[in-house]
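What follows is each chain in one-letter form.
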Amino acid sequence: KHGDCNVPQSMGGLGEWVQRRRQDYKKGKLSKERTARLESIGYVWDLREHSWSEYFDQLTNYKAKNGDCNVPMSQGPLGVWANNHREMHKKGKLSGERIARLEGIGFIWDLHEQGWLDRFGELTSYEAENGDCNVPQAHGPLGEWVHNRRQDYKNGRLSNERVASLESIGFVWDLEEHWWSERFGELTNYKDKNGDCNVPTKQ
């Protein structure tokens, strides 16, 4: 009727009997014959481990379909499960075995940090193609991200490490000042060549 042998203990006699068999098995009081008979109908000895494995399989399938393990909380039970494991990992409450299994399928513990790294990678590619990091805000997500980093820097919300990372690829914090300095440099060169600063409008 139900597809499994996980009878709730609250179900009455059968539920209590099922729970006692788990206790017997845990204490080594269940004969091999009875153990084999129960396992032949899919009896689960450790419900928590079984539940964890089921969610892990769901996460593996999600990764195969979506390319990552970043299940939104709004996705339902799987999203909540993934988020809970990030919290457990943060608090040091996740076993080494489970950490290894999750990392084995590319599970990311800090989504915020990973998002920063992904955008930084995009900016590095943009700089390689365009020669600067001045992504227009209208350029889309990367442009918005670049604009927000300038705002963070201006308001003192950017760590020294991230400031250094961005400056290492030539990130400019004040575009107006940067462009003024560039034009001033061009004007200085013009004066050196022409003897004055009277650049024709059509120059």
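Now for a description of the structure that goes with this document. These numbers were taken from a predicted model, which means no experiment stands behind them. (Residues numbered from 1 in each chain as written. Predicted model: local features only at pLDDT ≥ 70, side-chain atom pairs only at ≥ 80, totals over all residues. Heavy atoms only, no water.)

1. A look at the overall build of the protein chain
Put simply, the rule reads: Here a strand is any run of E in DSSP of at least two residues, a helix any run of H or I of at least four, and the numbering for each starts at the N terminus. A radius of gyration in this sense is built from C-alpha atoms; the matching globule rule multiplies 2.2 Å by the number of residues raised to 0.38. Working rule for contacts: check all heavy atoms of both residues, and any pair within 4.5 Å makes them a contact. We get accessible surface area from the Shrake-Rupley algorithm with a probe of 1.4 Å; when it comes to residues, only the shown protein chains can shield them. Two residue types count as positive, namely Lys and Arg, and two as negative, namely Asp and Glu; His and chain ends fall outside the count. Note that the charge is assigned to NZ on lysines, CZ on arginines, CG on aspartates and CD on glutamates.
When its secondary structure is counted, the protein chain shows 9 helices and 0 strands. Its helices and strands taken in sequence order, the protein chain reads α-α-α-α-α-α-α-α-α from the N to the C terminus. The C-alpha atoms of the protein chain give a radius of gyration of 30 Å, which is well past the 17 Å a tight globule of 203 residues would have. With the C-alpha coordinates of the protein chain rotated into their principal frame, the extents come out at 105 × 30 × 25 Å. Counting only contacts in the protein chain whose residues sit at least 6 apart along the sequence, the fraction spanning at least 24 positions is 35%. Of the accessible surface of the protein chain, which amounts to about 14,300 Å², a share of 48% is contributed by carbon and sulfur atoms. Charged side chains in the protein chain number 29 positive and 31 negative. The centres of these two groups are separated by 12 Å.

2. Description of helix α6 (residues 111–130)
Rules: A helix is expected to span 1.5 Å for every residue after the first. Definition of a polar contact: a pair of N or O atoms within 3.5 Å, with one able to donate and the other able to accept a hydrogen when the atoms are protein atoms, and with sequence-neighbouring residues admitted only if both atoms are side-chain atoms.
For α6, which comprises 20 residues, the first-to-last C-alpha distance of 28 Å matches the rise-based estimate of 28 Å (1.5 Å per residue) to within 8%. At its buried positions, α6 is contacted by α7 (141–154) and α8 (160–167). Of the residues flanking the start of α6, the one acting as N-cap is Asp-110, its side-chain oxygen 3.1 Å from the backbone nitrogen of His-112. Immediately beyond the C-terminal end of α6, within one or two residues, lies Gly-131, with a positive phi of roughly 85°.

3. Quick look at the packing of aromatic side chains
Where we set the bar: When the centres of two rings from Phe, Tyr and Trp lie within 6.5 Å, Trp using its six-membered ring, the rings pair. Their planes under 30 degrees apart give stacked, over 60 give edge-to-face, and anything left gives tilted. Type-normalised accessible area, obtained with a 1.4 Å probe on protein chains alone, sets the label of each residue: buried when under 20%, exposed when over 50%, and partly exposed for intermediate values.
According to the stated counting rule, one finds 9 aromatic pairs in the structure shown. Between Trp-52 and Phe-56, the ring centres sit 5.3 Å apart and the planes meet at 10°, which makes this aromatic pair stacked. Taken together, the positions of Trp-52 and Phe-56, both in helix α3 (residues 47–66) and 4 residues apart, correspond to about one turn of that helix. The pair formed by Trp-52 and Phe-56 is uniform in burial state, with each residue classed as buried.

4. So, the layout of surface pockets
One water molecule sets the probe size; rolling that probe over the atoms shows where empty space is left. The condition is simple: Only protein atoms enter the calculation, which uses a 1 Å grid: trapped sets of points that fit a 1.4 Å probe without letting it out are cavities, open sets showing protein on both sides within 12 Å along at least five of seven lines are pockets, and any residue with an atom within 4 Å of a point is a lining residue. Grid points are joined across faces, edges and corners, and a volume is the space filled by probe spheres set on the points. Residues are sorted three ways: Asp, Glu, Lys and Arg are charged, Ala, Val, Leu, Ile, Met, Phe, Trp, Tyr, Cys and Pro are nonpolar, and all the rest, Gly among them, are polar.
There is about 250 Å³ of room inside the largest pocket. Mapped by element, the contributors of at least two residues to the lining of the largest pocket are α7 and α9 (175–194). In terms of residue count, the dominant contributor to the lining of the largest pocket is α7 (4 residues). Taken together, the residues that form the lining of the largest pocket break down as 6 nonpolar, 4 polar and 3 charged.

5. With respect to the pattern of salt bridges
Using the following cut-off: A carboxyl oxygen of Asp or Glu within 4 Å of a side-chain nitrogen of Lys or Arg is what we treat as a salt bridge.
Scanning the entire structure with this criterion turns up 6 salt bridges. Taking the shortest distance from any N to any O, the salt bridge between Asp-152 and Arg-149 comes out at 2.8 Å. Taken together, the residues span about one helical turn, with Asp-152 and Arg-149 both in helix α7 at a distance of 3 residues. The buried category is assigned to Asp-152, whose relative accessible area is 13%. Beyond isolated ion pairs, a larger network of salt bridges with shared partners links Arg-149, Asp-152 and Arg-157.

6. Here's the deal with the packing of α3 against helix α5 (residues 96–104)
Rules: For every element, the axis is a line fit to its C-alpha atoms; helices are fit only across the contacting stretch, and the angle between N-to-C directions ranges from 0 to 180 degrees. To sort the angles, those under 35 degrees are grouped as roughly parallel, those over 145 as roughly antiparallel, those from 65 to 115 as roughly perpendicular, and the leftovers as oblique. Here a crossing is called left-handed whenever its near helix is offset anticlockwise from the far helix by less than a right angle, and right-handed whenever the offset is clockwise.
Their axes nearest at 11 Å, the elements α3 and α5 cross at an angle of 15°. Our classification of the angle between α3 and α5 gives roughly parallel. Seen from above, α3 lies across α5 with right-handed handedness. Contacts between α3 and α5 involve Arg-48, Glu-49, Trp-52, Ser-53, Phe-56 and Leu-59 from the former and Arg-98, Arg-101 and Leu-102 from the latter. Classifying every residue of the contact of α3 with α5 gives 4 nonpolar, 1 polar and 4 charged.

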